[in-house]
Structures are given as C-alpha cells and as structure tokens.
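Inside the fold
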Amino acid sequence: MPTNFTVVPVEARADGGQDEAAEGAAAAEAAEAAEGAEGTEAPGDGNPRENSPFINHVEVEQESFEGKNMALFEEEMDSNPMVSSLLNKLANYTNLSQGVVEHEEHEDGRRREVKSPRMGTFIGVYLPCLQNILGVILFLRLTWIVGAAGVLESFLIVFMCCTCTMLTAISMSAIATNGVVPAGGSYYMISRSLGPEFGGAVGLCFYLGTTFAGAMYILGTIEIFLTYISPSAAIIQAETAEGEATAMLHNMRVYGTCTLVLMAMVVFVGVKYVNKLALVFLACVVLSILAIYAGVIKTAFDPPDIPVCLLGNRTLSRRGFDVCAKFLAANNSTAPTALWGLFCNSSMPNATCDEYFAQNNVTEIQGIPGVASGVLLDNLWSTYADKGTFVERKNTPSVPVPEESRAGNLPYVLTDIMTYFTMLVGIYFPSVTGIMAGSNRSGDLRDAQKSIPTGTILAIVTTSFIYLSCIVLFGACIEGVILRDKFGEALQGKLVIGMLAWPSPWVIVIGSFFSTCGAGLQSLTGAPRLLQAIARDGIIPFLQVFGHGKANGEPTWALLLTALICETGILIASLDSVAPILSMFFLMCYMFVNLACAVQTLLRTPNWRPRFRYYHWALSFLGMSLCLALMFICSWYYALFAMLIAGCIYKYIEYRGAEKEWGDGIRGLSLNAARYALLRVEHGPPHTKNWRPQVLVMLSLDEEQRVKHPRLLSLTTQLKAGKGLTIVGSVLEGTYLDKHVEAQRAEENIRSLMGVEKTKGFCQLVVSSSLRDGMSHLIQSAGLGGMKHNTVLMAWPESWKQEANTFSWKNFVETVRDTTTAQQALLVAKNVDLFPQNQERFGDGDIDVWWVVHDGGLLMLLPFLLRQHKVWRKCRMRIFTVAQVDDNSIQMKKDLQMFLYHLRISAEVEVVEMVENDISAFTYEKTLMMEQRSQILKQMQLSKTEREREAQLIHDRNTASHSVVATRTQAPSTPDKVQMTWTKEKLIAEKYKNKEPGMSGFKDLFSLKPNQSNVRRMHTAVKLNGVVLSRSRGAQLVLLNMPGPPRNRQGDENYMEFLEVLTEGLDRVLLVRGSGREVVTIYS
C-alpha cells in the first residue's frame, strides 16, 4: 500500500485515473483512518472541508465527500444504509455448514477461518441423494416385490413412487431457489413457506420419519448379518420349525438394540468420522449396483448354475438335504436320499410317506435361467398369496391331493406374510425417500440455488432408471419361485440378488451390509440436528430442552430422544412392519412441500420469484394429491394416525406455541380468503337470521394510556363468546406526529388486556384533535367492507357532572346521535366496574329485561347471548313490559308469551301497569334543580370576573363545581387581552358587559319555573325508576330501553339528568338503544 498519495475531489476522478489500484488502496486507507478518527471534531478553521489543502485531513475529506453528495439523506443514514454498504454486506454473506463444521473445530481445538463453501452439484447434492435413495429395500425386498406383484404391477408401484418424488423435487426446487437457503434444509423451507404451525407439524413428521428410517436401516443390517453372513450367530435358537420366525424376531431385537447403542455412541463421540466414511458407504452402494448389472449381462451368454428343487410345483428349502431326488443310484442299487427321510417315516422304500410327496415327482430347475430364457413372460403377472401358502411354480404339472395338515417340519418354502398390492407400495416407498439430502446440506454448497434443483432431479432420474430397469431385469433373469422366496431358502439361505451379481455374491452381501450400516449412522446423525433446529425455533415449548447440547453445539439430548424412538422401531423387529410407518411420515412431509409450492404460486406473492422456472401449481397439486393417495394406499389406519399426530402438533403450536411471523404462505392464503369473503359480504345488510351484534367497544384511557374500565372488555367477551366481529377502539387527543409513541403504548396496553380478557377481535386506535371528532371517525370508519360494526358498546360517564371531565356529557350525547344517524345499535353499561369478570360464576339470579318500546328486538337477543357464557348460564331471564291505562294487561301477557315461544326464547313474562297520577312535588323540585343547573352552565363565560361570580354562586348553592372552577387557568383581567379572536363588535359588547353593576344573568335563576315538557319527562323517569326498583333491585343485570336525545340540542344536559334518574339505585344496568331494524325473527 502506498504511503503517500494525493486526494482529489470526486468530480476530478471521473476519468478513472491511471492507477486505479493505488486509488482503491488509498480509499481503503482513508476509510480506515476515518473509522479510527470517529467521534473527533473537525478543526473549525472555517474552510470548506473538501477544499482543505492539508494532507492530514484526508479522513475528513473522505467523510465530507459522502456528506456533500448525500447531504439530502444524512439524517436517515442510521436507519437506511447506503446502497454501497448494503451490497458489501450481501457480497460477504457466508453460510456455515450445519453442526459438523463446529464439531470439527471443537475437536481440533482451534478456530479456523470460515471459508466459503466449495461443494458443487455432484459432490454436494447428487451423490448424497444417490446414497440416501438407494438403500436396504433394493437389496433385501425388490426381488420379492417383483415376484409377488409381477413385472407390470411392480413397474406401476415404482413408477408411482418415483413420480411422487419427482413432483416433490420440482416443488422443493422452486422453494429452495426462492432466495438464499440457510443451513437448515427441508424443515427451514417448509416452516418458512407454510408458517410455524405447519412447519412444526411437518418438521416433527420429517424427524419421526428420519428416526424410523434409522430403525429400518439397523433392522436391515441385522437381517443381512443373521440371514446371509453368519446364521450361526443367532443367540435365541428355535426348537421347532414353527418357532423360527419368532426366534428370528427376538434375535433382531437383541442385535438391533446393541447395534443402536453402538451407533449412538459413535455419533456422540465422533460425528466427523461418520461424515468422512460417507464416501466409503456410497462406494459400496455403487459397486453393488454395478455388480448387479454385470451379473445380468453375464446371464445373457453364460447363465449361472443355480439349481432349485421342486416337488411337483412346490419349491423346497435346500437346508436339510443336498441331492434333489427321492433315490440315489449307487453301485447298481438305489438308496433313499436325505429328502426321502424328511417326507417319510423311515429310509426303507416301503415306508409311509407324505401323500403329496408320494404322488409327485421331484424336479430340478435353474433358478437364474438368464435374460434370453424368456422367463419374463411368466413373471409379468402378479402372484399374491396368503400367509403360510406354498411358493409354487406356474405351469408346472402336479398331482393335487386332499387338504393335508401342513406339517411344520416339511422342507417347503412358505410365504411369511400375506401379500397384496397396497401393502407392497408401503414397503417399497422408503426406497425412494432421501430426495432432501441435498437440501439438508444447503449450507455447504457453493451455489445452493443452482445445485439443489439440478442435483436432486438428476439423482431421482438416475435412481428411477435403476429401479425400473432392475424390475425388468429381475423379471427377465430370475425364476418366479426364487423371486417370491424372500429369504433365499431354496438357495441354501443365500441372498437372491447376490446370486445374480458378478463376480461373487459376497459383493452384494458385504456392500449391502455396509451401505445399510452407513445409512443408519446417517439417520442417527441427521435426525437429532433436525429436532434441535425445531427446538431452537421455539415454536413447540416442551421441546426446548432438546435445543441444548454440548459446548460445540452437538445435540446431546436430541440424540438421546432419537435413540429411544429408534428403539421403538427396533422392538417391532420386522422390516416389513417398520417400512409403512416411515412411509407415512415421509409422504406427509412431501405432501406439504407440494402444498407450499402450490399455495405460493397461486397466491402470486410478490416475494415468490424462484430461479427454477420449470414448475407449475398444477404439478405441485398433482404431487400433493399423489402423496395423499399413496398414504391411504399404503395403510389407511397408519395414514389416519400420522395425520392425527400432525393435527395435534398443529393445534398445540397454535394454542401454546410462540408466535412467529415468517411471511409464510398460509398467512397469505388467509389474507386472500379474507378478501374473497369480504367481497362476498359487501352487498347489503345481513338477513335477520344472520344478524348478530358486531361490536365496536369504545374504551377510555387514563393519563398513562391504560384502560379505565377493563370490565367493559369482560362484558364484550361474555356477549360475543368469540363469535362475530369485535373492534376495540379508543381515541387519543392531540396530533399523530406528537402522540404516535403514546398511541403505540396505548395499543399495546389494549391488546394485552384483550389477551387477558380473551377478547377475540381487532384494536383500532385513533389520534384526533378532539375526543368528539375521534369518536365520530371511529363510528363512521371502523371495520372494512361488509365486516363493519352494527353495535357500539360504551361505558356510562360516571362523572359527567364534572365539567373538567375529558369524556364530558356533550361527547356522550353526540356519540348517541352519531350511532342513531349511522343506524347502529348502542349499548351503554352503567356501573360497569360492578360487572362480573370472566372467571366469576353466578349460581343464581335474574336477568331482567324492561321492554318499554320496540326498536328491533335487541333487548330480547342480548340476554340469550349472555346466557351462552358460563358467567350468566345459570341466571333466569325475566321480561317486563309496561302497560298503560287503556291496555289489556292479560292479553298483553298472553301475546308476549306467544311471541317468546315463537322466538324459541324461554323467559318469565310480567306486565307492569303504570297508573297515571299527579306529578309529585319531588318531581317538580328535581326538574327545577336540573334547569337551574342548566342555566348556570349556560351562563359560564371566559372572563375572569364572571367566572369568579359564578364560582361564588355555585359555592353558595352547595354544588360540586367549585373546585373545578377555582383551579382553572387564570385568564388576563383586561378584556382586550382575552386569548381568543376578537372582532370590534365582540370587544364593545364585552366592555359594555363589564360595566354592568348587577348580576342580571343570575337573578332570574331563583325565579325560574320548570318547563312543562321537562316536568313530564322527569315524571316518566321517576315513575319508571320506581317500578324497576320495586321488581329488579336484586337482579344480576337490568336491561332497559334507552330513550333518544332531544332534537333540540339545548336540552342535552337535561337528557343526561333524565337517564341518571331513570337508572338510579340499580347496580348493573345495560341501556339498550336499537338501530331500528329487526334483529330477531320467528322464522327458521
């Protein structure tokens, strides 16, 4: 790096310069110097920084160039970085490999510099997928599947399974290329595409599938060892022929458990050795497959001599005899063979023998006649059989005998399990799993977005060709009875596919042994890491303990759980029983991969831009349908069980899991479904049968943005029971720019309270210049489309007589008018703090409805809805209606009972007669005091003099307004300095008013006569209150018709007094004002 250089302005370097390397180094040094000098002040010499001639100001100059060119954005640099710095961070992004790198660094005892991954498509994706796909089923069961299902149906089975994995790989490639794939593989892709609920459920299914795959590989390893390598190593020996199968299962359990413990210790101690041996295991698989093809080619011109002994058309097990004949000619005489001794009671020619043995001849055929033999035509069709039936050769003559007792000691080859098409699909499918091995290594790839699709699809094409060609070649080379001989009993206990291989059967036996052993180790390595990733995501709380491990990140606890689950599969002990279990889990995982791709494609999410272009939602949907069909084809009860497990996990995460926002497709699907539903319900109001209160709850907040009346939300929950729309609204006074922080805090407080009260709904908070306007805005604009509120719930302003109250009576009355104008129902809860919480239960009591006027039937509906909740369930419903003098009370009661009967509402009915009588002196006095107070409030002005006079007057009349008036902010005493906009006319009027010596505005207060209209209204309120108190004083809740405000706004304060008198003395009151439309109907 040069030590001295010249700084030139940015504009002067437009030509690029001659020594770009020197300039780049200079810029880097300048940047370092600028970082080192951060926080120091520039010299205040007054010169512009970019024109400073001093060389030691290079860092200042470099800093100033950014400021000069980007000064318009300098205040946003903290939150919005420069594009250059963003691109620099993206260019230096690296993916750490998953777990193994950290383990090796810990083992080596040094921290190496993390290098960029160098694995390409072939090493990183193609070969791992090849190794995971080609496995134990190919070596141990594929020949048996071909023999039982025939070449055609076996071809169909393999084609269906390979098509399923190919469609899944296409969907997976689209997901994997839609952005950077971190080290996390398939679980990461599913969970980030379908959300935490589906991600956790499918992730655990994938984990269980991988774990049971480990059990299947271990069982395959032990089967190869005990059946084909060292049969004498069996610990438990069978005493009879019938007990051989049971003894074999016990041996599998013992050896399988020991092998599992050994493998778990290897994974725990040295996982890096497992990964380094992966290439050796892969080499075993490749050599075995090459040996199979070489053996097939050899059979075309030199078929191997592998004799198979038949008795009639039944296959014989070659374990108790050597010569396939009844008699052996020697020295011009014949002697019975060992086979004779197995079927007869003595070695003499006249001995009593098995009837079928006596009637049929013993023949010997070639077990592997070769490709050119034409045996393919005999193996085209299926030969399904029940358990315990003879393995018989087609088109071979035999003499049938009456049904004999099948002696267990006769050397026949029998089927060990019942075979049918769907069962074979379940056993075969695990042989095509493993397609996600490449995506699981995404952290090690040089270019994951290119390598994962290419490598995975090529691996599936390769393995599909291998499987399909093997099916045809097996059917063309091997005799049908040998194909159906699962354990090679007719071949003296040798592996069928091994006898086909060249140069030696041991190539297949040893190769398959090591490949299945390695696959088991790989499963025990990968499954704990998958569980650890799920646990560390925190979406399933009870699994969080499995996110911890050793200091180097190895998942110790997850490995322990994996070993325990794997032991469950080993205790099953049968490869044919374990295979369908893991088929279910893998099929479910693949189904949701296809679902994720289809959902993202159909939603056309803006972020859905995969680099892999050869996908379509129809292919993903077809793959999903095929996976679902295969699940039920394999085993309908296993499929239901797997779906039940996934459903339980889904609901558990939804109910208890941590909330995660991953931008998943299911959320986008919900938004599209909501949009579709909103457009459907946009037109017109709902029918009366569908009407339910969609509530806008108006909450008031204190100075710390906490809810004043939490019981209002309790009442909402009891009324709604989680059904319909609930909008919880509130208003903050001020401007949004100044109050946005308080608004956020208030919204958080409301949401937390909604969670505590279990109120399911939306929160909408408005910042407005006045509470009145804010409430009006909420009533007009809350909701969206057809999902708008039709009912407003608010608390009664308890301190409405105090003029300084922020929620004054004027706001309340105007809100009542707004709801009436908007044709919305209004519920006003009086004494709301006395209402019950959700945890309380009323063991007895009444809900009294006072039906004075009919405004839509909401009064009838509300008690019914409340009684659906546990709080009010045991309360009785009583309906009171008021009869005038001219009404027939008896007929009214009958009509009301019939009306309630048709409404399907059970309630006690009572008609209350209100007898007309003279207006009492108490009513006159109450009205007079109300009007005097109204006049006092109207006389309030802004000048100091009149406020003081009014305060003195109110104090003399023992009102409660003195403290409020005395503490108001003092205004200037001179009228011409009052803080308001003055006109000339106002100024003259104010001066003239101040010169008046008397109190003419207040003298008339003592000579007022009450307005007759107010007297009548007060009389009604007093009378109705007395009637309600006489019958409903002990009721748990009283519902009353709420009278509307007066058309003349001058009587608003009187309206509040009427409502106060109407509800005086009652504990819990719900004033109900209907919207005018019918909300209940007698029709179904």
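Provided above is the structure to which this section pertains.
Residues numbered from 1 in each chain as written. Predicted model: local features only at pLDDT ≥ 70, side-chain atom pairs only at ≥ 80, totals over all residues. Heavy atoms only, no water.

**Re the nonpolar core**
Among the nonpolar cores identified, the biggest contains 167 residues, and M216, Y428, F429, Y467, F474 and I478 are the most heavily contacted of them. No other element matches the 23 residues that helix α8 (residues 185-229) contributes to this core. Lining this core are residues from two domains, each supplying at least three of them: domain 1 (91-302 + 417-656) and domain 2 (307-415). Those residues in contact with Y428, other than ones at most four positions away along the chain, are I137, L142, I145, I157, V158, C161, C162 and Y467. (Core = buried A, V, L, I, M, F, W, Y, C linked by side-chain atoms within 4.5 Å. Buried < 20%, exposed > 50% of the residue type's maximum accessible area, 1.4 Å probe, protein only. Helix = DSSP H or I, 4+ residues; strand = E, 2+ residues; numbered from the N terminus. Domains from an automatic or database assignment. Contact = heavy atoms within 4.5 Å.)

**Regarding empty space enclosed by the protein**
Summed over the entire model, instances satisfying the criterion amount to five cavities of 30 Å³ or more. By volume, the largest cavity amounts to about 60 Å³. Contributing to the lining of the largest cavity are V267, F268, P528, R529, K550, E554, P555, T556 and L559. Secondary structure elements with two or more residues in the lining of the largest cavity: α9 (244-269), α19 (505-537) and α20 (556-572). (1 Å grid on protein atoms, 1.4 Å probe; cavity = no way out; pocket = protein on both sides within 12 Å on 5 of 7 lines; lining within 4 Å. Points joined across faces, edges and corners; volume = space filled by probe spheres on them.)

**Notes on the pattern of salt bridges**
Summed over the entire model, instances satisfying the criterion amount to 21 salt bridges. Residues R772 and D818 are paired through a salt bridge, measuring 2.8 Å at the closest nitrogen-oxygen approach. Pair noted here: R772 is in helix α27 (residues 771-781) and D818 is in helix α28 (residues 809-821), with a separation of 46 residues, a long-range link. A residue is classified by how much of its surface remains accessible, and R772, at 21% relative accessible area, is partly exposed. By relative accessible area, which is 16% here, D818 ends up buried. Its salt-bridge partner being D848, residue R878 comes within 2.7 Å of it at the nearest N-O pair. You can see R878 sitting in strand β12 (residues 876-883) and its partner D848 sitting in strand β11 (residues 846-851), a full 30 residues away along the chain. Residue classification places R878 among the buried residues on the basis of a relative accessible area of 18%. With relative accessibility at 0%, the residue D848 sits in the buried group. Each of R141, E223, D416, K486 and D576 takes part in salt bridges that share partners, so that together they form one network. (Salt bridge = Lys/Arg side-chain N within 4 Å of Asp/Glu carboxyl O.)

**With respect to helix α30 (residues 889-902)**
Between its first and last C-alpha atoms α30 spans 20 Å; for 14 residues at 1.5 Å apiece the expected length is 20 Å, and the two agree. Buried residues of α30: S889, L896 and L900, and no others. Viewed end-on, α30 has its buried residues packed into an arc of 35°, placing them on one side of the element. Turned more than 90 degrees away from the buried face of α30 sit I890, K894 and Y901, all of them exposed. The secondary structure elements touched by the buried residues of α30 are β11, α29 (858-866), β12 and β13 (908-913). Downstream of α30 by a residue or two, R904 has a phi angle that is positive, lying close to 60°. (Expected span 1.5 Å × (residues − 1). Arc of directions from axis to C-beta.)

**Structural notes on the packing of aromatic side chains**
Applying the stated rule across the entire model yields 24 aromatic pairs. Between F343 and F357, the aromatic rings sit 4.6 Å apart at their centres with planes inclined by 5°, giving stacked as the arrangement. With a gap of 14 residues between them, F343 in helix α12 (residues 338-343) and F357 in helix α13 (residues 355-359) connect regions that are remote in the sequence. Owing to a relative accessible area of 6%, F343 belongs among the buried residues under this scheme. (Phe/Tyr/Trp six-rings, centres within 6.5 Å; stacked < 30°, edge-to-face > 60°.)

**Quick word on the side chain of E479**
As for its placement among the helices and strands, E479 is situated in the loop between α16 (448-477) and α17 (480-483). You can call E479 buried: its relative accessible area is 7%. Residue contacts for E479: discarding those within four places in its chain leaves I365, Q366, G367, P369, V375 and R393.

**Examining the sheet that holds strand β10 (residues 825-830)**
Spatially, 10 strands are ordered β8-β7-β6-β9-β10-β15-β14-β11-β12-β13 in an open sheet, and the strand pairing comes out mixed. Strand pairing shows two members of the sheet lacking a second neighbour, β8 (762-768) and β13, which therefore form its edges. Each neighbouring strand pair of the sheet contributes to a mean axis angle of 20°, computed without reference to strand direction. Where strand β6 (residues 695-699) and strand β7 (residues 726-733) come together, five bridges link them in parallel fashion. Paired with L699 across the bridge in β7 is S730. (Pairing = 2+ DSSP bridges. Axes fitted to C-alpha atoms, helices over the stretch in contact; angles between N-to-C directions.)

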